[in-house]
Amino acid sequence: MSGFLDGIRCGDCECSVDWSEKRNTIASIAAGVLFFTGWWIIIDAAVMYPDGNSFHHAYHTCGVIATIAFLMINAVSNGQVRGDSYSEGCMGQTGAKVWLLIGFMLAFGSLIASMWILFGGFVVPGKEHVYPGIAVFFQNAFIFFGGLVFKFGRTEDLWQ
Amino acid sequence: MAGIKALISLSFGGAIGLMFLMLGCALPVYNEYWPLFLLFFYILCPIPYCISRRVVDDTDSASNACKELAIFLTTGIVVSAFGLPIIFARASVIQWGACALVLTGNVVIFATILGFFVVFGSNDDFSWQQW
């Protein structure tokens, strides 16, 4: 019994990987989990409350715009915005900045709109089921933070 | 020989996972075959990574945008494979016990697929002992 734990080594085992090289992979996985969990939350709400009275179908717009914002934010690389990429693209650095600005505006807008839907559409009118509003809010929050993780969690130094 | 052993143990894992999936469907208590749609997710799951590995030819860089997008999409397919039976159970299409069995099968099968890529994905073209 004595000496069970003697064989344990920290750090120098075969399985110790270089985490700085894995950073982009981990960020991609985290972003994927966040993004698709958000969509499955809203699918759950849509399945549980299919009628338009308890969950108005127009509230799905919010998540769609958040998804478009996700795609817009991540379609432009940081190098393109800073201007240190090899090619200018068709609109150059300014175009990339404007594109990114619109993308972030859509992202923040959908997040704020989801809070508005939660309170203005469900909490304040005293609806019987508040869960769809919470689902809309969490969907947009998950997609928003997934986009942030996918944009800023990865480093482009690993692409060189 | 090591390749053969790994292949046999991986196929055993896949069979165990599919057994859990079929148990969730076919036990007389449950007897609902909706979770079989998860087979699509199992088939789709390795496709993005395979495409990105074929598209990206230079292996000098540690990572690149195409590979990260592929990992993102693969994660999405895996999350969907876990989300679908939970939605089924919440909508009372299947029972929660069947959902638990299917989720167990999910874990086993995705671990098997991951193991396949860990074991066979790393050998480059210059290794003289192909399996």
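What this report covers is the structure whose coordinates are included nearby.

Conventions we followed
Residues numbered from 1 in each chain as written. Chains lettered and ligands numbered in written order. Predicted model: local features only at pLDDT ≥ 70, side-chain atom pairs only at ≥ 80, totals over all residues. Heavy atoms only, no water. Helix = DSSP H or I, 4+ residues; strand = E, 2+ residues; numbered from the N terminus. Buried < 20%, exposed > 50% of the residue type's maximum accessible area, 1.4 Å probe, protein only. Contact = heavy atoms within 4.5 Å. Areas by Shrake-Rupley, 256 points an atom, 1.4 Å probe, with all protein chains shown as cover. Expected span 1.5 Å × (residues − 1). Patch = residues over 30% accessible without salt bridge, like charges linked within 9 Å, V, L, I, M, F, W, Y side chains within 5 Å. Salt bridge = Lys/Arg side-chain N within 4 Å of Asp/Glu carboxyl O. Buried area = accessible area lost by both parts, 1.4 Å probe. Polar contact = N/O pair within 3.5 Å; in protein donor to acceptor, adjacent residues only side chain to side chain. Phe/Tyr/Trp six-rings, centres within 6.5 Å; stacked < 30°, edge-to-face > 60°. Lys NZ or Arg CZ within 6 Å of the ring centre and 35° of its normal.

## Observations regarding the overall build of chain A
A count of helical and extended segments in chain A gives five helices and zero strands. Element order for chain A, N to C, with α for helix and β for strand: α-α-α-α-α. Across the 160 residues in chain A, those meeting the buried criterion constitute 38%. Once local pairs closer than 6 in sequence are excluded, the contacts in chain A between residues at least 24 apart make up 75%. For chain A, the exposed area adds up to about 9,500 Å²; of that, 68% sits on carbon and sulfur atoms.

## Quick look at helix α2 (residues 60-75) of chain A
Taking 1.5 Å per residue, 16 residues should reach 22 Å; α2(A) reaches 23 Å between its end C-alpha atoms and fits that length. For α2(A), the set of buried residues is A:Cys62, A:Gly63, A:Ala66, A:Thr67, A:Ala69, A:Phe70, A:Met72, A:Ile73 and A:Asn74.

## Looking at a nonpolar patch on the surface
Residues and elements named next belong to chain B. Together, Trp-34, Phe-37, Phe-40, Ile-43, Leu-44, Ile-47, Ile-51 and Val-55 line one region of the surface with nonpolar side chains, adding up to about 810 Å² of accessible area. Elements represented by at least two residues in the nonpolar patch include exactly α2 (38-44) and α3 (47-55). Along the chain, the position of Phe-37 falls in the loop between α1 (2-26) and α2.

## Quick word on the environment of A:Ala45
Residues and elements named next belong to chain A. In this fold, Ala-45 is placed in helix α1 (residues 23-48). Judged by its relative accessible area of 0%, Ala-45 falls in the buried class. Along the primary structure Ala-45 and Tyr-131 are separated by 86 residues, whereas in three dimensions their C-alpha atoms are 7.4 Å apart. Beyond its immediate chain neighbours, meaning those up to four positions away, Ala-45 contacts Phe-55, Tyr-131, Pro-132 and Ala-135.

## Digging into the interface of chain A and chain B
Between chain A and chain B, the contact holds 23 residues from the first and 18 residues from the second. Here chain A and chain B share an interface that buries about 1,700 Å² over both sides, 74% of which is from carbon and sulfur atoms. Together, A:Phe36, A:Trp40 and A:Trp159 form the three largest contributors to the area buried by chain A at its contact with chain B, with a combined 34%. Inspection of the region where chain A meets chain B yields two salt bridges. For A:Arg154, the salt bridge identified is with B:Glu68, shortest N-O distance 2.5 Å. Applying the counting criterion to the chain A and chain B interface returns four residue pairs in polar contact (both at pLDDT 80 or more). Secondary structure elements with two or more residues in the side of chain A that touches chain B: α1 and α5 (131-152) of chain A.

## Description of the packing of aromatic side chains
All names here are of chain A. The final tally for this structure, using the stated rule, is 23 aromatic pairs over all chains. Seen from their ring centres, Phe-138 and Phe-142 are 6.1 Å apart, and the 35° between their planes marks the pair as tilted. On the criterion of helical spacing, the pair formed by Phe-138 and Phe-142 is a turn pair, its members being four residues apart in helix α5. Residue Phe-138 is classed as partly exposed on the basis of its relative accessible area, which comes to 37%. With a relative accessible area of 25%, Phe-142 lands in the partly exposed category. Sitting over the face of the ring of Phe-122, Lys-127 holds its NZ or CZ atom 5.0 Å from the ring centroid.

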